[in-house]
Amino acid sequence: MRKMMPAVLITVATLAFSWWAWPQLPERVVTHWGVNGQPNGWSSPAFAAFLMPAVMALMTLIFAALPNIDPLKKNYEFHGSVYFLLVNVIIGFVGIVQGLILGSALGWPFDMRSVLPVLLGALFVFMGNLLPRIRPNWFMGIRTPWTLSSERVWRKTHRIGGYAFTIAGLVFVATAFIPMGRNSTTAMLMAVFGMVLWPVLYSYLEWRRE
C-alpha cells in the first residue's frame, strides 16, 4: 500500500477540496462535456462534489489489490514500478478533472474545451511511453487473446501500442489549439479508434505469423 500513498494523498486532497467547494456550488453543476466542448450533463451539488472522490477511493483500493490476485503476479517484480507509477498518475488525472469540474462551476476563468484535450492528450502520451515496459499480466496493458498467449506478441504489440497512444495524445493536444468543429471532432475520434484498433489488429497479425 506504501506505493499507492500518492494516490491516497491525492484522493484525500480531492475530497477536502470538494468538501470546501460543496456549499458554494450552484443548484446545477455541469459534470460532462461533449466532444464539441459543449455541456451535455448536469448534476446536483452533492453528486458533483462527492461522487468523484468516492470513485477515486474505490479505484485506489482496486489498483492496490490487483497485483496480489493476478495469476501472472511474478511479472510485477519486473514492471511493478511502472504499474504503480501509472495508477498513481491516473488517480491524479481524475483528481485534476474533479478540480476543473468544480472550478468551472465556481466560475474560474478557464476554457474547459481547451484544457481537457490537453490533459487527456498528455495522459495518452505518458501512457504510450510506459506501455513498452509493461510485462504480461491480466489487468494492465493491451490484453488480447493473442498477446496473452505469446510473450513475443505481447512485447511487440506494446511497442506498437506505445506509438499509437503517443500519436493519439499529440492529436488531442493539437485539437485544443484549433477552433472546435467537425474537423477537430473527427480528428479526436479517429485518434481514439486508431489507438484502440491498431494494436489489437497488430497483435492478431503477429500471432498469425507464429
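In short, a report on the structure. (Residues numbered from 1 in each chain as written. Predicted model: local features only at pLDDT ≥ 70, side-chain atom pairs only at ≥ 80, totals over all residues. Heavy atoms only, no water.)

## Brief notes about the overall build of the protein
When you go through the protein residue by residue, the secondary structure sums to six helices and two strands. For the protein, the N- to C-terminal ordering of α and β elements is α-β-β-α-α-α-α-α. Counting all 210 residues of the protein, 42% fall into the buried class. For the protein, the share of sequence-separated contacts (at least 6 apart) that also reach a separation of at least 24 residues comes to 69%. If you sum the accessible surface of the protein, you get close to 11400 Å²; carbon and sulfur atoms cover 69% of it. Looking at the protein, you have 16 positive and 7 negative side-chain charges, and the mean spots of the two groups are 5 Å apart. (Helix = DSSP H or I, 4+ residues; strand = E, 2+ residues; numbered from the N terminus. Buried < 20%, exposed > 50% of the residue type's maximum accessible area, 1.4 Å probe, protein only. Contact = heavy atoms within 4.5 Å. Areas by Shrake-Rupley, 256 points an atom, 1.4 Å probe, with all protein chains shown as cover. Lys, Arg positive; Asp, Glu negative; His and termini not counted. Charge placed at Lys NZ, Arg CZ, Asp CG, Glu CD.)

## A short note on the side chain of Ser 203
Tracing the sequence through the fold places Ser 203 in helix α6 (residues 182-209). On the basis of relative accessibility, which here comes to 0%, the residue Ser 203 falls in the buried class. Ser 203 has contacts with Thr 144, Trp 146, Thr 147, Val 153 and Thr 157, leaving out every residue within four places of it along the chain.

## Here we look at a nonpolar patch on the surface
A grouping of Leu 189, Val 192, Phe 193, Val 196, Leu 197 and Val 200 is seen on the molecular surface, where their side chains present a nonpolar patch of about 500 Å² in accessible area. Here Val 200 is to be found in helix α6. (Patch = residues over 30% accessible without salt bridge, like charges linked within 9 Å, V, L, I, M, F, W, Y side chains within 5 Å. Salt bridge = Lys/Arg side-chain N within 4 Å of Asp/Glu carboxyl O.)

## Points about the environment of Arg 113
Assignment of secondary structure puts Arg 113 in helix α4 (residues 112-130). Spatially, the C-alpha atom of Arg 113 lies 8.1 Å from that of Trp 33, the residues being 80 residues apart in sequence.

## Observations regarding the nonpolar core
With 43 residues, the main nonpolar core has Met 4, Phe 63, Tyr 83 and Val 87 as its most contacted residues. Those elements that place two or more of their residues in this core are α1 (5-21), β1 (29-33), α2 (45-69), α3 (76-105), α4, α5 (151-175) and α6. For this core, the element with the highest residue contribution is α3, accounting for 14 residues. Once residues lying within four places of it in the same chain are set aside, the contact partners of Tyr 83 are Phe 63, Leu 66, Pro 67, Tyr 76 and Met 140. (Core = buried A, V, L, I, M, F, W, Y, C linked by side-chain atoms within 4.5 Å.)

## Points about the packing of aromatic side chains
The description of an aromatic ring pair uses the distance of the two centres, along with the angle that the planes make with each other. Enumeration according to the criterion identifies eleven aromatic pairs in this entry. With centroids separated by 5.4 Å and ring planes inclined at 85°, the aromatic side chains of Tyr 76 and Tyr 83 adopt a geometry described as edge-to-face. Exposure remark for Tyr 76: the relative accessible area of 10% places this residue in the buried category. In this structure an aromatic cluster arises from ring pairing among Phe 17, Trp 20 and Trp 108. (Phe/Tyr/Trp six-rings, centres within 6.5 Å; stacked < 30°, edge-to-face > 60°.)

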